[in-house]
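Breakdown of the fold
Letter by letter, the chains look like this.
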Amino acid sequence: MRQDNERESENIEDRRSTGMGRRGFVGGGLGVAAMAVVALLLGVDPRIVLNTVGQLTSGSQQSTPVASSPQDERMKKFMSVVLADTEDTWGQIFQQSGSHYEQPKLVLFSGQVQSACGFAQAAMGPFYCPGDHKLYLDMSFFNDLATRHNAPGDFAQAYVLAHEVGHHVQNLLGIADQVNAARQRGGEAQNNQLQMRMELQADCFAGVWANRANQFRKILEPGDLEEALAAASGVGDDRLQKQSQGYVVPESFTHGSSEQRMRWFTIGAKNGDLTQCDTFKATNL
């Protein structure tokens, strides 16, 4: 990704300087990360799990200094540049439609974090919390992205952030509220479908950002889109389920298959048109 002379965002909240000590879960049971993963696979909003854990955890929170390497600082700067680019791009898109884009904050944390959506661990991966309009990222996730999910490269990392920003856009447009209301009325199968369409739309919005940012500032370099597609493929439900349990259960998908995630990112990246990202009306995902 070309980032010559690009500005850095001021909306970075760095919480890596202190790590949160482990907090006990009353009554034992699954760990926070495991519970959240199960919740995702079952189509349950992970915020419900996080809030429940936040209410039931006990014990004091201990702070421990976390060292930051030069590589971490370079990654922080890159994330700041990508976030700034999403601010500029979505700001222009919203302005063209006569509305205002509210910029989200990116919270960098190490290990564990408390958000308005509850308590979370890094094993859950990056997430967006609509309760505080913040994106949460433990940058060690990118090591897993490169090694476990076979998706190295700076634009693979940019795609991850752009996907979470896509959820913020959904929140601003009122899409998230509509989906959550519908999920309250639906059964498990319908909820899985709604959640999956939500995630695929965020992939499409990430593609829209890539398209528009390249139009405005020529950010793309050869191989960038391929890196993003590798990341989209690497975190597909089918691939993750195959890795974790050895078999695939399509009915439980909540994020979409590798093929679906790549397809919807490509739609956004090819057209740069939000109207092409209506996954909720699509008959073929």
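The rules we used
- Residues numbered from 1 in each chain as written.
- Predicted model: local features only at pLDDT ≥ 70, side-chain atom pairs only at ≥ 80, totals over all residues.
- Heavy atoms only, no water.
- Helix = DSSP H or I, 4+ residues; strand = E, 2+ residues; numbered from the N terminus.
- Buried < 20%, exposed > 50% of the residue type's maximum accessible area, 1.4 Å probe, protein only.
- Contact = heavy atoms within 4.5 Å.
- Areas by Shrake-Rupley, 256 points an atom, 1.4 Å probe, with all protein chains shown as cover.
- Pairing = 2+ DSSP bridges.
- Axes fitted to C-alpha atoms, helices over the stretch in contact; angles between N-to-C directions.
- Salt bridge = Lys/Arg side-chain N within 4 Å of Asp/Glu carboxyl O.
- Expected span 1.5 Å × (residues − 1).
- Phe/Tyr/Trp six-rings, centres within 6.5 Å; stacked < 30°, edge-to-face > 60°.
- Disulfide = S-S within 2.5 Å.
- Lys, Arg positive; Asp, Glu negative; His and termini not counted.

When you go through the protein chain residue by residue, the secondary structure sums to ten helices and ten strands. Looking at the protein chain as a whole, 50% of its 285 residues qualify as buried. Long-range pairs, those at least 24 residues apart, make up 76% of the contacts in the protein chain with a sequence separation of at least 6. Entry remark: accessible area of the protein chain is about 13100 Å², with carbon and sulfur atoms responsible for 50%.

The next point concerns the sheet that holds strand β9 (residues 127-129). The mixed open sheet is built from four strands, whose spatial order is β1-β6-β10-β9. Strands with a single pairing partner mark the edges of an open sheet, and in this sheet they are β1 (12-14) and β9. For this sheet, the mean inter-axis angle between neighbouring strands, taken without regard to orientation, is 25 degrees. Pairing analysis gives three bridges linking β9 to strand β10 (residues 134-137), with the strands arranged antiparallel.

With that settled, the discussion passes to the pattern of salt bridges. Going through the model one piece at a time under the given rule, you end up with nine salt bridges. Here Arg7 makes a salt bridge to Asp88, at a shortest N to O gap of 3.0 Å. In this pair, Arg7 sits in the segment before β1 while Asp88 sits in helix α3 (residues 70-96), placing the two residues 81 residues apart along the sequence. Under the relative-accessibility criterion, Arg7 is labelled partly exposed at 35%. Here Asp85 and Arg217 are joined by a salt bridge, their closest N and O atoms 3.0 Å apart. Here the residue Asp85 occupies a position in helix α3, and Arg217 occupies one in helix α7 (residues 188-217), the gap between them amounting to 132 residues. Salt bridges sharing common partners tie together Asp14, Arg16, Glu73 and Lys76.

Between its first and last C-alpha, helix α10 (residues 258-271) extends 20 Å over 14 residues, near the 20 Å set by a 1.5 Å rise per residue. Of the positions making up α10, those classed as buried are Ser258, Gln260, Arg261, Trp264, Phe265, Ile267, Gly268 and Ala269. Structurally, α10 contributes buried residues whose contacts are with α5 (154-172), α7, α8 (224-234) and α9 (237-245).

Spanning 30 residues, α7 covers 43 Å between terminal C-alpha atoms, matching the ideal 44 Å at 1.5 Å per step. Within α7, 22 of the 30 residues are buried, which leaves it mostly tucked inside the rest of the structure. Directly beyond the C-terminal end of α7, a positive phi value near 55 degrees is found at Lys218.

Turning next to the pairing of β10. Taking every second residue as pointing to the same face, both faces of β10 are buried, with Lys134 and Tyr136 on one and Leu135 and Leu137 on the other. Taken together, the four bridges between strand β6 (residues 105-108) and β10 define a ladder with parallel strand orientation. The residue bridging Leu108 from the neighbouring strand is Leu137, located in β10. From the end of β9 to the start of β10, which pair antiparallel, there are four residues, and His133 there has a positive phi angle of about 55 degrees.

All chains considered together, the criterion is met by seven aromatic pairs. Seen in terms of ring centroids, Phe127 and Tyr136 are 4.8 Å apart; in terms of plane orientation they differ by 5 degrees. Their pairing is stacked. Judged on exposure class, the residue Phe127 and its partner Tyr136 are both buried. Considering the side-chain rings of Phe155 and Trp209, the 5.7 Å spacing of their centres and the 10 degrees angle between planes classify their relative orientation as stacked.

To continue, consider unusual backbone geometry. Its identity is not glycine, yet His133 carries a phi of approximately 55 degrees, on the positive side. Checked against the element boundaries, His133 lands in the loop between β9 and β10. Positioned with a positive phi, Lys218 is a non-glycine residue whose angle comes to about 55 degrees. Position of Lys218 among the secondary structure elements: in the loop between α7 and α8.

What follows concerns the state of the cysteines. For the structure on display, the rule yields two disulfides. With its sulfur 2.0 Å from that of its partner, Cys204 forms a disulfide with Cys277. Taking the torsion about the sulfur-sulfur bond, which here is approximately -70 degrees, the covalent link between Cys204 and Cys277 counts as left-handed. Of this pair, Cys204 sits in helix α7 while Cys277 sits in the segment after α10; the two residues are 73 residues apart in sequence, bridging distant segments of the chain. As far as the burial class goes, Cys204 and Cys277 line up, both buried. The connectivity of the disulfide bonds within the protein chain can be written as 1-2, 3-4, using the sequence rank of each bonded cysteine.

Before going further, it helps to spend a moment on the side chain of Asp138. Along the chain, Asp138 turns up in the loop between β10 and α4 (141-147). No salt bridge is formed by the buried Asp138. Its closest oppositely charged neighbour is Arg16, at 8.2 Å. Those residues in contact with Asp138, other than ones at most four positions away along the chain, are Phe109, Ser110, Gly111 and Ala122.

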